[in-house]
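Remarks on the overall topology
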Amino acid sequence: MKIAILGKPFDEEYGPFIQNLFDELQRRNTELLVVEHFSLFLQNRIHLPSGIATFNRGDSLAGVDFVLSLGGDGTLLDTVTYVGALQIPILGINTGRLGFLATIAHDSINLALDALFKGHYTFDDRALIRVDSDLEIFDGINFGLNEFSLLKRDSSSMIAVHAYIDGEYLNTYWADGLVVATPTGSTGYSLSCGGPLVLPQTNNFVISPVCPHNLNVRPMIVSDKTVISFEVEGRSSTYLASLDSRSVAVDMSVQIAVRRESFVARLVKLHHVNFLTTLRGKLNWGLDKRTNIFR
């Protein structure tokens, strides 16, 4: 089996678990590739097997069977951009905080690898959102797993976002910004803006205003078969465009639209893990503090 590993710096307490991961993969005669910046971080912290190849963004991962993401949810979002249209299955191992997407606990690595090598898993295909613009703003990596956001910059006054669905005028949002989330992203930034939770396999986008001036404007669910386009106005000459964790300043004159990407992010789903269990465990969904049980 050929496995690529992406990760970010971790606290010292996770060192033994990461060492165990590499030891176990070596024991199983796995061909390993590690993203270069993470490999440099690991060199003085754990003992790496000999013969590990490295790669960087832009290098092809063709022929890789699985990609392991070591970190939090942000690391997994970044991993998706390395995989792109290849749709290589991604397994998220959590060494971060929440771990909503990176669902494998660091102390369950051996169990997860055993399931992976025995084929005790399914694939959980997640829709991606694609950004099209008349000026390239995300260096060619114009897709994301969670959400696309239009936001005011710094402490400037609110912006006006004119939104259109398939060319038809929807609304003008006078707000600090606007979030268009995938079902996966409905548990992230969109949720904090009052957006609804959406099950991962529903074919929708969630449009959520950020601190709207008009209080009768509420989050809206639309089909992901639509194209949502925007025109932005404001006192500043630029606004902030954000795609997952990547943000850039954009001139008000730039035309932007979003739609569903033609490929998906393929997450590895182990048999004992499901979305509803994660929802209750990570967000305390349905927890009744009076009895300390889930209803």
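In this text the structure is predicted, and so the values were computed from the model without any measurement.

**Quick word on the UniProt feature "binding site: NAD(+)" (unreviewed entry) in the chain**
- When the UniProt feature table is mapped onto this chain numbering, "binding site: NAD(+)" (unreviewed entry) sits at D73, G74, N146, E147, D176, T187, G188, Y189, S190, L191 and S192. A maximum C-alpha distance of 24.8 Å among these annotated residues, which run over 120 residues, shows that they spread across the structure rather than meeting at one spot.
- Within the secondary structure, S192 is located in helix 5 (residues 189-192).

**Notes on the pairing of strand 12 (residues 177-181)**
- Counted residue by residue, strand 12 has five buried out of five residues, so it is predominantly covered.
- Residues G177, V179 and A181 point to one face of strand 12 and L178 and V180 to the other, with burial holding for every one of them.
- Bridge analysis of strand 9 (residues 147-151) against strand 12 gives five bridges, and the strand direction is antiparallel. Across the sheet, the residue bridging to L150 is L178, located in strand 12.
- Of the pairings in the sheet, the one linking strand 12 to strand 13 (residues 204-210) comprises five bridges and is antiparallel in character. Bridged to V180 within strand 13 is I207.

**Quick look at the state of the cysteines**
- Scanning the model with the defined rule gives zero disulfides in all.
- No disulfide involves C193; its sulfur sits 7.0 Å from the nearest other cysteine sulfur, which is in C211.

**As for helix 4 (residues 109-118)**
- Every buried residue belonging to helix 4 is among I109, A112, L113, A115 and L116, and all of these are buried. Seen along its axis, helix 4 keeps its buried residues to an arc of 160 degrees; they face one direction. Opposite its buried face, helix 4 presents the exposed residues L111 and K118, each directed more than 90 degrees away.
- Contacts made by the buried residues of helix 4 are with helix 1 (15-27), strand 4 (66-71), strand 5 (90-94), strand 6 (104-105), strand 7 (121-133) and strand 18 (256-270).
- Positioned one or two residues after helix 4, G119 has a phi angle of 80 degrees, which is positive.

Thresholds, definitions, all that
Residues numbered from 1 in each chain as written. Predicted model: local features only at pLDDT ≥ 70, side-chain atom pairs only at ≥ 80, totals over all residues. Heavy atoms only, no water. UniProt positions renumbered as here; feature names shortened; annotations may be inferred. Helix = DSSP H or I, 4+ residues; strand = E, 2+ residues; numbered from the N terminus. Buried < 20%, exposed > 50% of the residue type's maximum accessible area, 1.4 Å probe, protein only. Pairing = 2+ DSSP bridges. Disulfide = S-S within 2.5 Å. Arc of directions from axis to C-beta. Contact = heavy atoms within 4.5 Å.

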